[in-house]
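Now for the letters of each chain:
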Amino acid sequence: MDQAPGSPQGPEEQRPQDAQSLPVCYRHPDRETGVRCTRCERPICPECMVSASVGFQCPECVRGGSGTGHTPTAAQPRTIAGGTVAADPRLVTKILIGLCVAFYLVQLTVGDQFTDHLDLVGKVSDNGFPPYDGVSAGQWYRLLTAMFLHASPIHIIFNMMSLWWIGGPLEAALGRARYLALYFVSGLAGSALTYLLGAPNQASLGASGAIFGLFGATAVLMRRLRYDMRPVIALLVINLIFTFGWANIAWQAHIGGLVAGVITGYAMVHAPRERRALIQYGTCAVVLVIVVVLTLIRTAQLS
């Protein structure tokens, strides 16, 4: 039966607003809470609480850097690897593609004189006698610069398409800094293995080592997220078939980049949150130490 207007409510329906009532969260008025921000003293519910050195703070105080709690970036959304979510999640990939295209245009304009000074070669000279060019002659920069050179239009087109398809989503998943570290660590590992195992006078160039590293990290990420692994495995197998079945392909760069990408990618997505940055960048440092060791070994052999 409906209650007549003006009739008194029963005790079970009464909800007096007295001193016993809890305040409501300033961001969620439908939620009562007994916790207040230690800085501004506004009531906050569990969803709005940000742990500080003493008590909790509200999101506004955290973003403003007030008090002794977290830094203003503490409330920013993070990727699965702990990176900051960027407005343009493919910016680094676009820059890398732009650099490779710019280098290739310079190669077409200047010719072999430009390419021969920057490609990866162990030890070579014009007449077989000193002075020598190459990594063994102290030109270690070739391990890096070779990653931005390409031998033909089909070479750069295939690599840049792969970089866009694989690199873009991976950059969004890792964050810019971690993605860039993965790219260069993988590329340098591929260059080091090529230098170690390849013929000293055989030039090598291309972004394939770094891209294979992205392949490996993508496989690790998909397994971490429990996605269907079959597409990436099939694509990887096809690329490995081309690697070993096609002439004039530096398989060492592909394998070196792939192994470095798997190792680094595993550290990126599996590192525990409390020591995440230390493990991630520590792994990158270890891989770079291995690159230096391999380079020193081969340099000693060729000296």
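See the structure shown above.
Rules used in this analysis
- Residue indices begin from 1 for each chain and proceed along its sequence in written order.
- With pLDDT at 70 or above as the cut-off, local features in this predicted model cover only qualifying residues; side-chain atom pairs require 80 or more to be listed or tallied, and sums for whole chains, interfaces and linings still use all residues.
- Heavy atoms from the whole structure form the basis of all side-chain values; hydrogens and water molecules are not counted.
- The helix and strand labels rest on DSSP assignments: H or I over at least four residues marks a helix, E over at least two residues marks a strand, and numbering proceeds from the N terminus.
- Residue exposure (1.4 Å probe, protein chains only): buried if accessible area is under 20% of the type maximum, exposed if over 50%, otherwise partly exposed.
- Here, two residues are considered to be in contact whenever any of their heavy atoms come within 4.5 Å of each other.
- Throughout, the Shrake-Rupley method with a 1.4 Å probe supplies accessible areas, and for residues the shown protein chains are the sole cover considered.
- Between the first and last residue of a helix there are one fewer steps than residues, each counted as 1.5 Å, and that sum is the expected span.
- Residues with no salt bridge and a relative accessible area higher than 30% make up the patches, which join like charges within 9 Å and nonpolar side chains (Val, Leu, Ile, Met, Phe, Trp, Tyr) within 5 Å.
- For this document, the term salt bridge refers to a Lys or Arg side-chain nitrogen within 4 Å of an Asp or Glu carboxyl oxygen.

Trainee: Please clarify how the overall build of the chain should be interpreted in this entry.
Mentor: Counting secondary structure elements, the chain contains ten helices and two strands. Starting at the N terminus, the α and β elements of the chain follow one another as β-β-α-α-α-α-α-α-α-α-α-α. Among the 303 residues that make up the chain, the fraction classed as buried is 41%. Within the chain, contacts between residues separated by at least 24 positions form 61% of all contacts whose residues are at least 6 apart in sequence. Roughly 17000 Å² of accessible area belongs to the chain as shown, and the carbon and sulfur atoms make up 62% of that amount.

Trainee: Please explain helix α6 (residues 176-197) as it appears in this structure.
Mentor: Residues that lie three or four places apart on an α-helix share one face, since the helix turns once every 3.6 residues. With 22 residues, α6 extends 32 Å from end C-alpha to end C-alpha; this agrees with the ideal 32 Å at 1.5 Å per step. Burial within α6 is extensive, with 17 of its 22 residues counted as buried.

Trainee: What is the right way to read unusual backbone geometry from this model?
Mentor: In this structure, E41 is a non-glycine residue whose phi angle is positive, near 70°. With respect to the element layout, E41 can be found in the segment before β1 (50-51). By relative accessible area, E41 is classed as exposed at 56%. For R226, which is not a glycine, the phi torsion comes out positive at approximately 60°. The topology assignment puts R226 in the loop between α7 (208-224) and α8 (230-245).

Trainee: Would you mind going over the environment of M160 with me for this structure?
Mentor: Along the chain, M160 turns up in helix α5 (residues 153-174). M160 gets classed as buried once you look at its relative accessible area, which sits at 8%. Beyond its immediate chain neighbours, meaning those up to four positions away, M160 contacts I97, C100, H150 and A207.

Trainee: Looking at this model, I keep getting lost on a nonpolar patch on the surface. Mind explaining?
Mentor: A cluster of nonpolar side chains, contributed by I157, M161, W164 and W165, occupies part of the molecular surface with about 440 Å² of accessible area. Within the secondary structure, M161 sits in helix α5.

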